[in-house]
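Per-entry structural report
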There are 2 protein chains.
Amino acid sequence: MSWNDKNDNKNGLDERGFTLSLEGRSVPGVYWTPSDGASERLVLLGHGGTTHKKVDYIEQMAAMLAARGISCMAIDGPGHGERATRDITQHPDAFAEVWDEGGGTPAMLADWRAALDFIEQQEGVRPTGWWGLSMGTMMGLPVTATDERIRVALLGLMGTWGPNADDLIRLAPEVSCPVRFLMQWDDEIVPRDTCIELFGTLGSKKKTLHANPGAHQAVPQFEIRGSVDYLDKYLR
Amino acid sequence: MSWNDKNDNKNGLDERGFTLSLEGRSVPGVYWTPSDGASERLVLLGHGGTTHKKVDYIEQMAAMLAARGISCMAIDGPGHGERATRDITQHPDAFAEVWDEGGGTPAMLADWRAALDFIEQQEGVRPTGWWGLSMGTMMGLPVTATDERIRVALLGLMGTWGPNADDLIRLAPEVSCPVRFLMQWDDEIVPRDTCIELFGTLGSKKKTLHANPGAHQAVPQFEIRGSVDYLDKYLR
C-alpha cells in the first residue's frame, strides 16, 4: 500500500494516486482533498460500468464535495480502468465476464475495505459516506451493507439485475444507514421493475427513492447537485 | 361569489372566507395572504379524504407558503367539510359514495375553476401552482390537466385507484407542467403499484417521484418542507 509519486492540483482540490497490493492483484486508487486545508469527512466514489476512477463525472463529484470540505477516494473496479484487460467500451456484452474475472463481489469488497483502511491509516478516521450509481451501486450496496464505517449512501441506476444480482438481493436487507436511491424511469439498461424491487428490499429505515424520466445516463443535474447536499447533510 | 364577513389573522397570514354559488350548490372556500403585504404568487391547496379546507396540515402549508410570500386558496371538496351530509370519518367506506354524490370529477373541476376565477377577479392573475395529496390529487391531477393556469403541481398518495380512477388514468397524460409526486412505500390505503403506475402515465417531461417508507399518512416532514421549496422554485 503506497502513495504514488505524482500529485496534481486542479478544480480546487489536491489529487494523489495510490496503489494497493492484495491477494496477488494490484488495485490503483485516487484520493482528493480540498486544496484549502484539512477535511473532516470522506466520501467513497464508485464509478459506473465501462468507466474508471477518474472519469469526468467522478472528478465532478470530487470537486463538488471538496467545495463542501469533504475528501473523496475512488479505486478502479474489477476489470476497469487501469485494471482492464480488454476494451469493454467496444464490447459491453463482456461486462459480466470482466466483473467475474476481476474476482466479483468478494474481491471487490476486499479491495474497497483495503482502500478505506489505507486512507484511514494515512489520513485518520472520519465520518464516511458512499456515492455510486449503476456499477457504482453494484460495488456500493455490498460495501455499505458490510462495512459499518459507511454511514450514508447515495445509490441507484441498479436493480435486482446484472452480474452480482444475487449478492445485491442478499445484501440489500443488511443495509441500515440512510440511503437516497436514484432511478431513471426510461432506463434502457437496468429494467425499471428491478430498480423498484431493489429499493424496496433495502433494510434502511430512512431511504428515499427519486425517479425521473430519461435514459440510464440522463440523470438530471439537479439530482447530482442534490446528492451532494444529501451526503453533506448526513455526514455532519 | 362573495367574501364572507369574518376575517382572521394568525400564523403570519390573513385569512378570508368566501362562498361560491354554482349549478345549484354552495361551495365554501378560504383564501390566505401573507400578513406583511401583497403576494405575487398563488398555490391552490387540495385537502385529503375525510378532512376539509382548513384541516391542520392545510393551514400548516398555507403558513409555510405565506412565509415565502405566496398566497393560498382552498375549497371543501365534494361531500367534505361544510359540504358534508354525513360523518365519513366514522364511515370511511362511504368515501366513494360521498365523492359521487358531490358530483364527482366534473363538478369538482367546475368548483375549482370557479374558485380560481373568483380569486383572480378579486386579487389579480398570478403564477399559480397546486399542492394536494391523496384526495388532494384526485382533485389536483384533473385540475392541473385541464386548467392551463396551473404551472407546477405537487401531487401524490394516489394511484390508478379509487372513485375517480378512470378520470385520473384518462387525464394523467394531459398533465404537462412540472410535477413532484410523493408516495409512501407502505401505503395501506392506495396500493403501491397503482401509485407507481399513475406517476408513470403523467405526461410531464419534468416529473420526479419521491418514495419513502411508511404508511399513507406518515409522509416525512422533510418531504413537506421540500414541497414548499419545490413550489417556491417553480413559481418564481
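Report follows, based on the coordinates. (Residues numbered from 1 in each chain as written. Chains lettered and ligands numbered in written order. Predicted model: local features only at pLDDT ≥ 70, side-chain atom pairs only at ≥ 80, totals over all residues. Heavy atoms only, no water.)

As for the packing of helix α1 (residues 56-66) of chain B against helix α7 (residues 221-234) of chain B
Residues and elements named next belong to chain B. At a minimum axis separation of 10 Å, α1 and α7 run at an interaxial angle of 45°. Accordingly, the angle class assigned to the pair α1 and α7 is oblique. The hand of the α1/α7 crossing is right-handed. For the pair α1 and α7, contact is made by Gln60, Met61, Met64 and Leu65 and by Gln221, Ile224, Ser227 and Val228, respectively. (Axes fitted to C-alpha atoms, helices over the stretch in contact; angles between N-to-C directions. Helix = DSSP H or I, 4+ residues; strand = E, 2+ residues; numbered from the N terminus. Parallel < 35°, antiparallel > 145°, perpendicular 65-115°, else oblique. Left-handed = near helix turned anticlockwise from the far one by under 90°. Contact = heavy atoms within 4.5 Å.)

Overview of the relation of the copies chain A and chain B
Mapping chain A onto chain B calls for a rotation angle of 180° and an axial translation of 0.0 Å; the resulting RMSD is 0.0 Å. Taken together, the turn and the small shift mark the pair as related by a two-fold rotation axis. Measuring from the rotation axis to each C-alpha of chain A, the shortest distance belongs to His210 of chain A, at 2.4 Å. Of all interface residues in chain A, 100% are interface residues in chain B too; the two copies therefore contact each other through one and the same surface. (Least-squares fit on C-alpha atoms with pLDDT ≥ 70 in both.)

What about the interface of chain A and chain B?
Each partner contributes residues to the interface: chain A has 14 residues there, and chain B has 14 residues. Across the chain A to chain B interface the summed buried area is about 1,200 Å²; carbon plus sulfur atoms make up 65%. By the criterion of area lost to chain B, the three top residues of chain A are Trp185, Leu209 and Pro213 of chain A, representing 36% of everything that side buries. Along the contact surface separating chain A from chain B lie zero salt bridges. At the level of elements, α6 (192-201), β9 (207-212) and α7 (221-234) of chain A are the ones that each hand at least two residues to the side of chain A that touches chain B. In terms of residues, the side of chain A that touches chain B owes the most to one element, β9 of chain A, which gives six residues. When its residues are assigned to classes, the side of chain A that touches chain B shows seven nonpolar, four polar and three charged. In this sheet, strand β9 (residues 207-212) of chain B lies alongside β9 of chain A in antiparallel orientation, the contact comprising three bridges. (Buried area = accessible area lost by both parts, 1.4 Å probe. Salt bridge = Lys/Arg side-chain N within 4 Å of Asp/Glu carboxyl O. Nonpolar A, V, L, I, M, F, W, Y, C, P; charged D, E, K, R; others polar. Pairing = 2+ DSSP bridges.)

Points about the state of the cysteines
In the structure shown here, the tally under the stated rule is zero disulfides over all chains. With no disulfide of its own, Cys72 of chain A lies 16 Å from the sulfur of Cys177 of chain A, the closest cysteine sulfur. (Disulfide = S-S within 2.5 Å.)

What to know about the side chain of Ser71 of chain A
Residues and elements named next belong to chain A. Turning to its location among the elements, Ser71 is positioned in strand β5 (residues 70-75). Accessibility expressed as a relative area gives 0% for Ser71, which makes it buried. Beyond its immediate sequence surroundings of up to four residues, Ser71 is in contact with Tyr31, Trp32, Thr33, Pro34, Ser39, Arg41, Leu42, Val43 and Arg126. (Buried < 20%, exposed > 50% of the residue type's maximum accessible area, 1.4 Å probe, protein only.)

Considerations on the nonpolar core
As a rule of thumb, soluble globular proteins bury nonpolar side chains together. If you look at the biggest cluster of nonpolar residues, it comprises 98 residues, and the most contacted ones within it are Met73 of chain A together with Met73 of chain B. Those residues in contact with Met73 of chain A, other than ones at most four positions away along the chain, are Phe18, Val30, Tyr31, Trp32, Leu42, Val43, Leu44, Leu45, Trp112, Ala115, Leu116 and Ile119 of chain A. In this structure, Cys72, Val219, Ile224 and Tyr230 of chain B belong to the second largest nonpolar core, which totals 27 residues. (Core = buried A, V, L, I, M, F, W, Y, C linked by side-chain atoms within 4.5 Å.)

Thoughts on the environment of Arg151 of chain A
Turning to its location among the elements, Arg151 of chain A is positioned in strand β7 (residues 150-156). Sequence separation between Arg151 of chain A and Tyr234 of chain A is 83 residues; the distance between their C-alpha atoms is 7.9 Å.

Here's the deal with the packing of helix α3 (residues 104-123) of chain A against helix α4 (residues 135-146) of chain A
Residue and element names in this part refer to chain A. One way to put it is that α3 packs onto α4 with a least axis distance of 10 Å and a crossing angle of 70°. Between α3 and α4, the angle is such that the two are roughly perpendicular. Here α3 and α4 pass one another in a crossing that is right-handed. For the pair formed by α3 and α4, the contact residues are Thr105, Met108, Leu109, Trp112 and Arg113 on the first element and Met138, Met139, Pro142, Val143 and Thr146 on the second. Grouping the constituent residues of the contact of α3 with α4 by class yields seven nonpolar, two polar and one charged.

Re the pattern of salt bridges
Residue and element names in this part refer to chain A. For the structure shown, the criterion picks out 36 salt bridges over all chains. Salt-bridge contacts for Asp111 lead to Arg25; the nearest nitrogen and oxygen are separated by 2.7 Å. Here Asp111 is found in helix α3, whereas its partner Arg25 is found in strand β3 (residues 25-34), with 86 residues between them in sequence. On the accessibility criterion, Arg25 (18% relative accessible area) is buried.

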